[in-house]
Amino acid sequence: SQVSFEEENQNPPAVGHWKPLMPSKGDKEEPEGGCQDAGGVDEPQSTEQLNVSRLRSSSVEIREKGSEFLRDELHKAQKELKLKDKECERLSKVREQLEQELEELTASLFEEAHKMVREANTKQAAAEKQLREARGKIDMLQAEVTALKTLVITSTPSSPNRELHPQLQSPSKAGFRKGHGRNKSTSSAMVSAASQNVAPEPVSRECKEVDSILFAEFQAWKESPTLDKSCSFLDRIYREDVGPCLDFTKQELSELVRVAVEQNTLTIEPVASQAVPAGKVAAEECGGPKKCALSGLPRTCKHRIMLGDSGNYYYISPSCRARITAVCNFFTYIRYIQQGLVRQDVEPMYWEVMRLRREMSLAKLGFYPSEM
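Residues numbered from 1 in each chain as written. Predicted model: local features only at pLDDT ≥ 70, side-chain atom pairs only at ≥ 80, totals over all residues. Heavy atoms only, no water.

Let us now look at a positive patch on the surface. Positive charge collects at one region of the surface, where Lys76, Lys79, Lys82 and Lys86 lie side by side. Here Lys76 is to be found in helix H3 (residues 42-154). (Patch = residues over 30% accessible without salt bridge, like charges linked within 9 Å, V, L, I, M, F, W, Y side chains within 5 Å. Areas by Shrake-Rupley, 256 points an atom, 1.4 Å probe, with all protein chains shown as cover. Salt bridge = Lys/Arg side-chain N within 4 Å of Asp/Glu carboxyl O. Lys, Arg positive; Asp, Glu negative; His and termini not counted. Charge placed at Lys NZ, Arg CZ, Asp CG, Glu CD. Helix = DSSP H or I, 4+ residues; strand = E, 2+ residues; numbered from the N terminus.)

This part takes up the packing of helix H6 (residues 212-223) against helix H7 (residues 232-245). Direction vectors running N to C along H6 and H7 enclose 125°, while the axes themselves pass 8 Å from each other. Classified by the angle their axes make, H6 and H7 are oblique. Note on element contacts: H7 touches H6 through Ser232, Phe233, Leu234 and Arg236, opposite Ile213, Leu214, Glu217, Phe218 and Trp221. Classifying every residue of the contact of H6 with H7 by side-chain character gives six nonpolar, one polar and two charged. (Axes fitted to C-alpha atoms, helices over the stretch in contact; angles between N-to-C directions. Parallel < 35°, antiparallel > 145°, perpendicular 65-115°, else oblique. Contact = heavy atoms within 4.5 Å. Nonpolar A, V, L, I, M, F, W, Y, C, P; charged D, E, K, R; others polar.)

A separate point is the pairing of strand S4 (residues 313-316). Judged by which residues are buried, S4 turns out to be covered on both faces: Tyr313 and Tyr315 on one side and Tyr314 and Ile316 on the other are all buried. Where strand S3 (residues 303-307) meets S4, four bridges bridge the pair, whose relative direction is antiparallel. Across the sheet, Met306 pairs through a bridge with Tyr313, a residue of S4. Count of turn residues in the S3/S4 antiparallel hairpin: five residues, of which Gly308 carries a positive phi of about 70°. (Buried < 20%, exposed > 50% of the residue type's maximum accessible area, 1.4 Å probe, protein only. Pairing = 2+ DSSP bridges.)

Okay, here's the thing in structure tokens:
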């Protein structure tokens with residue numbers, strides 16, 4: 001378009017041939033003269049038409065070029081818009097992926113935090129349980145040490161304590177010492193005190209011979225004493241002595257008694273000398289003064305037992321009491337060996353275990369002292 005304008009500028013129109021559109025007042029006579037020169041007017045009109053056609057062609061060309069330019073710009077803008085749309089779509093996908101990863105990470109962090117809290121609570125509960133058990137054991141050991149000190153102090157050469165020196169008792173009384181009667185810790189200490197200080201002497205006119213198998217099992221157990229029934233030493237005693245001795249007619253109650261004896265939570269108390277505490281008035285009393293709760297037979301019951309802290313009392317006959325006491329004495333002695341409170345050689349400890357096994361066998365067969 002600029003080129004066409006330049007060409008027009010290079011060819012200026014003829015001067016002096018243009019006819020004014022509005023004639024002036026002094027030119028009233030010019031039309032007459034113009035009529036005379038009709039041949040000279042055609043040339044300026046053709047030049048004017050040529051210029052107009054040129055202007056029209058240049059404007060058309062300008063419009064075409066302008067439209068073409070605009071179309072190019074539009075195509076460019078559309079291409080850029082498509083590229084931006086693709087970029088926006090890619091960024092939106094990246095944002096969605098990041099949001100999903102963030103949600104998964106948050107969920108995993110919360111789950112891990114909850115898991116850690118649960119583990120911490122479990123460990124805390126276990127630690128508190130161990131602390132309570134340790135405190136209970138400490139209290140029990142302190143009570144037993146106090147009882148041992150009392151026994152040792154009250155025994156003098158001139159007036160020996162017969163509970164501390166069982167060899168001074170008659171054979172029948174030495175075979176059935178009180179255990180788990182009024183107080184578990186004190187009675188247990190009384191049973192173990194004899195084995196700690198003086199080895200039991202054989203009954204007169206009685207011969208003994210060590211059984212090699214039983215002695216080997218006891219020696220193996222003594223190396224690492226435990227209350228686990230899986231070891232050969234305790235497994236044999238459970239099968240041959242403890243199980244039969246605590247096998248009563250009432251099977252369900254017998255099992256509860258066995259568990260209480262193993263856990264050292266069984267209490268035996270006389271019926272006449274000790275009344276039920278005020279807080280245990282509503283406690284269940286199975287059996288009765290004239291009926292044994294373990295055997296179910298009509299017997300005169302002078303004692304009753306309580307399993308743990310349940311508050312339920314069960315009347316038992318003298319025979320059942322002798323069987324339970326024999327097993328309790330055995331468990332008390334092996335607990336003291338496990339805790340390192342019995343300081344003797346292996347053989348005296350073995351014979352004490354055999355004596356306690358004999359007590360269980362006799363009690364199972366129905367033998368018990370009259371004071372039961």
